[in-house]
Each structure stands twice: as C-alpha cells, then as structure tokens.
Amino acid sequence: QVQLVESGGGLVQPGRSLRLSCVGSGFGWDDYDIGWFRQAPGKKREGVSYISKRDGSTRYLDSVKGRFTISRDNAKNTVYLQMNSLKPEDTAVYYCAADKSAYTWTDPYEYDYWGHGTQVTVSS
C-alpha cells in the first residue's frame, strides 16, 4: 500500500529549528517529485517547498526562502525539510505529497499521494 509518513513536527519557540522527514513506500519513489505543503486552520493549503525527482531542482515559498531547505535521500525513500529561524506564521500542519508530473508545484491538485501531516507550532 502507498504510504507517505511525515515526522519531526512539534512545539518550538520563534527562532528555533525543526527538521521534518517524509518517508515513502508502496510506490516508485524515485519517479516522483515531492512537495511540502502546509495548512493552518481556516486557510488554504499552500506549497512550501518542492524537489524534483531527477535534476534536483528545488522551489520555495517566498516567505520561507533562505530559512527552509529541502533535500532528498532516495536510498532511504526520504525527503527532508530543514526549517530554521521559525516564525509564528509558520504554524500549520505540514504535509508531504508525491507527484509524478508536477508542472505547477504549488498546486495541490497536481499531487497523487499525500501523507497525514505533522503539526508544527511556533509560539513563545
């Protein structure tokens, strides 16, 4: 069965860091682009970052650029999102998603598979 499992979320104070992980199984991991999305209560799901399946291209939401770094380790079927200098505005449930043909990486409808999310709360 297809699975995407996020981990690494938690409660942190502003300025601290978290590293999220997304582990995939049950599908051809190496053939899929991976995106990180987040959703806060009452708000639309928004694309946070993206990494391609082959050429290593990455994309970031403007508000996280310079603070977040996405990477993938295909030997472990894992994508990471290193989040530094966290702000209260980053508070949301973070989801990873897999897309075999991501032409517009910020569009959640592009993605074929989704994890259940991990909560990130940034608060003092």
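Notes on the structure follow.

What counts and what doesn't
Residues numbered from 1 in each chain as written. Predicted model: local features only at pLDDT ≥ 70, side-chain atom pairs only at ≥ 80, totals over all residues. Heavy atoms only, no water. Disulfide = S-S within 2.5 Å. Helix = DSSP H or I, 4+ residues; strand = E, 2+ residues; numbered from the N terminus. Salt bridge = Lys/Arg side-chain N within 4 Å of Asp/Glu carboxyl O. Buried < 20%, exposed > 50% of the residue type's maximum accessible area, 1.4 Å probe, protein only. Lys, Arg positive; Asp, Glu negative; His and termini not counted. Polar contact = N/O pair within 3.5 Å; in protein donor to acceptor, adjacent residues only side chain to side chain. Contact = heavy atoms within 4.5 Å. Pairing = 2+ DSSP bridges. Axes fitted to C-alpha atoms, helices over the stretch in contact; angles between N-to-C directions.

1. A word on the state of the cysteines
- Under the counting rule described, the total for this entry stands at 1 disulfide.
- The residue that forms a disulfide with C22 is C96, at a sulfur-sulfur distance of 2.0 Å. Around the S-S axis, the bridge from C22 to C96 shows a dihedral of about 65 degrees and counts as right-handed. Highlighted residues: C22 in strand β3 (residues 18-25) and C96 in strand β9 (residues 92-99), separated in sequence by 74 residues.

2. Here we look at the pattern of salt bridges
- Applying the stated criterion to the full structure yields 3 salt bridges.
- Residue E46 is joined to R38 by a salt bridge in which the shortest nitrogen-to-oxygen separation is 2.8 Å.
- Exposure remark for E46: the relative accessible area of 31% places this residue in the partly exposed category.
- Given the relative accessible area of 6%, R38 is considered buried.
- Across the pair R67 and D90 runs a salt bridge whose closest N-O atoms are separated by 2.8 Å. Placement of R67 in the loop between β6 (58-60) and β7 (68-73) and of D90 in the loop between β8 (78-83) and β9 is noted, with a sequence separation of 23 residues between them. Both residues of the pair, R67 and D90, count as buried.

3. A closer look at the side chain of E6
- Relative to the helices and strands, E6 is located in strand β1 (residues 3-7).
- R45 provides the closest opposite charge to the buried, unpaired E6, separated from it by 7.8 Å.
- At a separation of 2.9 Å, a polar atom in the side chain of E6 contacts the main-chain amide nitrogen of C96.
- One polar contact links the side chain of E6 to the main-chain amide nitrogen of H116, over a distance of 3.1 Å.
- Those residues in contact with E6, other than ones at most four positions away along the chain, are S21, C22, W36, Y94, Y95, C96, G115, H116, G117 and T118.

4. What to know about the sheet that holds β8
- Within the open sheet, the 4 strands sit side by side as β1-β3-β8-β7. Their pairing is antiparallel. The outermost strands of the open sheet, each flanked by one partner alone, are β1 and β7. The average angle at which neighbouring strand axes cross in this sheet is 15 degrees, direction not considered.
- Inspection of the sheet shows β1 paired to β3 by 5 bridges, in the antiparallel sense. Considered in β3, the bridge of V5 is made with V23.

Interpretation in functional terms is not warranted from these geometric data alone.
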